[in-house]
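Spelled out, the chains give:
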Amino acid sequence: MKMEKKSFLKSLRLRRKVRMVEECTCPLCAEKVDKNEFRNEVFIKEFESSGLCQGCQDTVFGYKVAW
Ligand SMILES: [Zn+2]
């Protein structure tokens, strides 16, 4: 269990590195994504999996998600 978590975190970090290299742009609005624009880590996690900026996450998910 511990090992799994470790390698999971490692792959996350790797992905983040790749993103930094290839400029973080949102696939929806093509705007450059600044991690500081995210309201909390939940949105950052979503960004890491979908690449969506804060504005597009608001649009896509609407306000159903009440964070
Ligand atoms: Zn966007």
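Residues numbered from 1 in each chain as written. Predicted model: local features only at pLDDT ≥ 70, side-chain atom pairs only at ≥ 80, totals over all residues.

> Tell me about the overall build of the protein, and please be specific about residues and values.
The helix and strand inventory of the protein stands at 3 helices and 0 strands. Mapped in sequence order, the helices and strands of the protein form the string α-α-α. In the protein, of all internal contacts separated by at least 6 residues, the share reaching a separation of at least 24 is 44%. (Helix = DSSP H or I, 4+ residues; strand = E, 2+ residues; numbered from the N terminus. Contact = placed C-beta atoms within 7 Å.)

> Explain the nonpolar core to me, and be specific about the residues and the numbers.
Formed by V33, F43, F47, L52 and C53, the largest nonpolar core amounts to 5 residues. When sequence neighbours within four positions are dropped, the list of residues in contact with C53 reads C26, C29, E31, V33 and E37. (Core = buried A, V, L, I, M, F, W, Y, C linked by C-beta atoms within 7 Å. Buried ≥ 20, exposed ≤ 12 C-beta atoms within 10 Å, placed from the backbone.)

> Tell me about unusual backbone geometry, residues and numbers included.
Positioned with a positive phi, A30 is a non-glycine residue whose angle comes to about 65 degrees. Checked against the element boundaries, A30 lands in the loop between α1 (2–21) and α2 (41–50).

> Describe the environment of Q54, with residues and values.
Considering the arrangement of structural elements, one finds Q54 in helix α3 (residues 54–61). Under the C-beta neighbour-count criterion, Q54 is labelled buried, with 20 such atoms within 10 Å. Distance from Q54 to E37, taken between C-alpha atoms, is 6.6 Å for residues 17 residues apart in sequence. Discounting residues that sit within four places of it in the chain, Q54 has contacts with E37, F38, R39 and F43.

> Any details on the confidence of the model for the protein? Residues and values, ideally.
When pLDDT is low, close inspection of the predicted coordinates is not appropriate. On average, the protein scores 78 in pLDDT, and the residues at 70 or more come to 73%. Between the elements of the protein, mean pLDDT differs from a low of 65, seen in α1, to a high of 90, seen in α2. (pLDDT = per-residue confidence, 0-100.)

> Describe in detail the environment of K32, supporting the description with residues and values.
Looking at the secondary structure, you find K32 in the loop between α1 and α2. The class of K32 is exposed, set by 11 C-beta atoms lying within 10 Å. Between the C-alpha atoms of K32 and L52, which are 20 residues apart in sequence, the distance is 10.0 Å. Look past the residues within four positions of K32 in its chain and what remains in contact with it is E23, C24 and T25.

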